[in-house]
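Take a look at the letters that make up each chain.
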Amino acid sequence: MINIQQFRKTIFIETYGCAMNEYDTELVKSILVKENYTFVQNELEADIVMLNTCAIREHAHRKIYGRVHEIRNNRKKLLKVNKYDKSKQSDEPLIGILGCMATNLRTELLENKNLDIDFIAGPDSYKRLPQLIEEAMGTGDKQFDLTLSEFETYSDVLPIRKEGVNAWIATSRGCNNFCTFCVVPYTRGRERSRSVSNIIEEVKLLAGEGFKQVTLLGQNVNSYNDGQADFADLLDAVSGVNGIRRIRFTSPHPKDFPDKLLDVVAQNPKVCKQIHLPLQAGNNRILDVMNRNYTQEEFLALVDKVRHKIPDAALSTDIIVGFPTETDAEFEDTFKVMKQAEFDQAFIFKYSERKGTVASKKYPDDVSEEKKTERTMTLNNLQKEVMFKKNCAHIGQRLELLIEDATNPETANYKPGRTDTNKLVILPIGDYRTGDFITAEITDATPHALKGVQTNILSS
Ligand code: SAH
Ligand code: SF4
Ligand code: F3S
């Protein structure tokens, strides 16, 4: 039973899934810090452990189940060690599940006795976290709020962000597309946009704090509409903020790229020449049963138009292999489209049946695991060749780079830079700091990165 005499206020939070979830963790921190909670780096020091979860594929769920058991076991071990040292007394932590898995699995999570979760909150309920935590502690009863809102955009919450060159900023939340494989419309509810003025206010603050880049986030970021402005207008407005040098956006849908938007990407120097075009599949029947709202021909025409309007643009994509009923011949269409489009990057996923989706109700998951693996390997091999060829074409070029933080300790001997097109350039340690813009000559390439040497510092 939880001791309510002494209110426990330290939290450890771990984030899974997409950039929107990373951003949501920053919102959650802001909401709870205001209520005098403190965030700690070590789970063993925390009174409360929260996992901000993802539900996009089954693998994401399994990871969380494993992690909850691990958290409890780690704490049990510590409690054993501390048993005879009264100064080091620590209790079992309260465990909370946030994010998409919370709304996807709902009360099942609370009813699972093995997991013994104390509270769960969906993506639109984070303002209620202080109350949920207090009630879970005070009563010892499990608490939850999974309400999805048509209005919540957290536009009145200023996230507590990590330092660095890039700041995430959600410009819309939720999704109305209902791709038949996808759980997001159910876990995050209907699409809603923040107002341009509210977004600009925050971007100005970010520029003042020294952020060089903002990444605009939405589940369908380019269908943004605040009633007056569309996504192209929003990009132009954000580019008007002094101090912000690069603007990125993710994730767009191929159906929402009118010429007006492509022209802004082409002509506005602050908007990065990098476009994510999630293809998902190259076959028209499969695209139709996925409810993607475009055909192979329309997709390829869009790729051509992008290449024509923005010749330097880098294109990336997401692919799902083994959607129910996908035949070998239909998979070949995906291969063909990928070969023709020559993406600079591709994320290839095996279809994973998700609870509550149209696909899970209408089509049995009938493509074997072996087939899915084989198709994934085929596409990954193709993609590796394309990326190597494209990266080699940069050798000898001089490119502008933004110096980023070295996040990977294995690259402690190098400094990472990013091109406007989002390519990673490995630089030797030099006289430049995170946040500097430099030009570098590209000296070598692998399928996944470029190597370069600095030619001059542009500015910081
Ligand atoms: N809003 C984003 C989607 C985020 S999910 C967008 O539309 O681009 C990222 C990717 O995960 C999707 O593009 C899709 O390729 C993949 N994905 C989504 N649901 C999946 C499922 N059920 N099985 C396998 N991959 C899936
Ligand atoms: Fe999911 Fe489709 Fe919405 Fe992307 S656009 S979040 S894939 S439903
Ligand atoms: Fe996962 Fe939810 Fe993002 S399902 S990918 S955390 S929107």
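Now for a look at the structure at hand. Just so it is clear, the structure is predicted and the values come from calculations on it, not from any experiment.

What counts, and where the lines are drawn
- Residues numbered from 1 in each chain as written.
- Chains lettered and ligands numbered in written order.
- Predicted model: local features only at pLDDT ≥ 70, side-chain atom pairs only at ≥ 80, totals over all residues.
- Heavy atoms only, no water.
- Salt bridge = Lys/Arg side-chain N within 4 Å of Asp/Glu carboxyl O.
- Helix = DSSP H or I, 4+ residues; strand = E, 2+ residues; numbered from the N terminus.
- Near = heavy atom within 4 Å.
- Nonpolar A, V, L, I, M, F, W, Y, C, P; charged D, E, K, R; others polar.
- Domains from an automatic or database assignment.
- Core = buried A, V, L, I, M, F, W, Y, C linked by side-chain atoms within 4.5 Å.
- Buried < 20%, exposed > 50% of the residue type's maximum accessible area, 1.4 Å probe, protein only.
- Contact = heavy atoms within 4.5 Å.
- Polar contact = N/O pair within 3.5 Å; in protein donor to acceptor, adjacent residues only side chain to side chain.
- Areas by Shrake-Rupley, 256 points an atom, 1.4 Å probe, with all protein chains shown as cover.
- Pairing = 2+ DSSP bridges.
- Axes fitted to C-alpha atoms, helices over the stretch in contact; angles between N-to-C directions.

## Some points on the pattern of salt bridges
Under the definition given, this model contains 36 salt bridges. Between Lys-336 and Asp-333 there is a salt bridge, with the nearest N and O atoms lying 3.4 Å from each other. Placement of both Lys-336 and Asp-333 in helix H12 (residues 328-341) is noted, with a separation of three residues, approximately one turn of the helix. Within this structure, Glu-14, Glu-43, Arg-67 and Glu-70 form a network of salt bridges that share partners.

## Topic: the site of ligand 3
If you check the shell around ligand 3, you find Cys-18, Asn-21, Cys-54, Ala-55, Ile-56, Cys-100, Val-184, Arg-188 and Gln-219 and nothing else. When its residues are assigned to classes, the shell around ligand 3 shows six nonpolar, two polar and one charged. Taken domain by domain, the shell around ligand 3 gets at least three of its residues from each of domain 1 (4-145) and domain 2 (161-272).

## Remarks on the nonpolar core
With 68 residues, the main nonpolar core has Val-214 and Leu-216 as its most contacted residues. Ranked by residue count, the leading element in this core is helix H7 (residues 196-208), at six residues. Shared between two domains, this core holds at least three residues of each, these being domain 2 (161-272) and domain 3 (276-392). Setting aside residues no more than four positions away along its own chain, Leu-216 makes contact with Ile-169, Thr-171, Val-221, Phe-231, Leu-234, Leu-235, Val-238, Ile-247, Arg-248, Phe-249 and Thr-250. Residues Met-20, Tyr-37, Leu-94 and Ile-133 belong to the second largest nonpolar core, which totals 26 residues.

## Looking at the side chain of Thr-53
Mapping Thr-53 onto the fold places it in strand E3 (residues 48-53). Separated by 3.2 Å, the side chain of Thr-53 and the backbone nitrogen of Met-101 make a polar contact. In contact with Thr-53, not counting residues within four places along its chain, are Tyr-16, Asn-21, Ile-64, Ile-97, Leu-98, Gly-99, Cys-100, Met-101 and Ala-102.

## Concerning the site of ligand 1
For ligand 1, the set of nearby residues contains 14 residues, the closest of which are Phe-181, Gln-219, Gln-280, Asp-318 and Ser-352. Ser-251 is positioned with one of its side-chain polar atoms (N or O) 3.3 Å from an oxygen atom of ligand 1. Asp-318 is positioned such that a nitrogen or oxygen atom in its side chain is 2.7 Å from an oxygen atom of ligand 1. With the chains in place, 89% of the 540 Å² that ligand 1 exposes on its own is no longer accessible.

## Considerations on the sheet that holds strand E12 (residues 274-276)
Read from one edge of the open sheet, three strands run E12-E13-E14, paired in parallel fashion. A strand with exactly one partner marks an edge of an open sheet, and here the two such strands are E12 and strand E14 (345-350). On average, adjacent strands in this sheet sit at an angle of 15° to one another, irrespective of strand direction. Across six bridges, the pairing between strand E13 (residues 314-321) and E14 is parallel. When the bridges of E14 are listed, Ile-319 appears paired with Ile-348.

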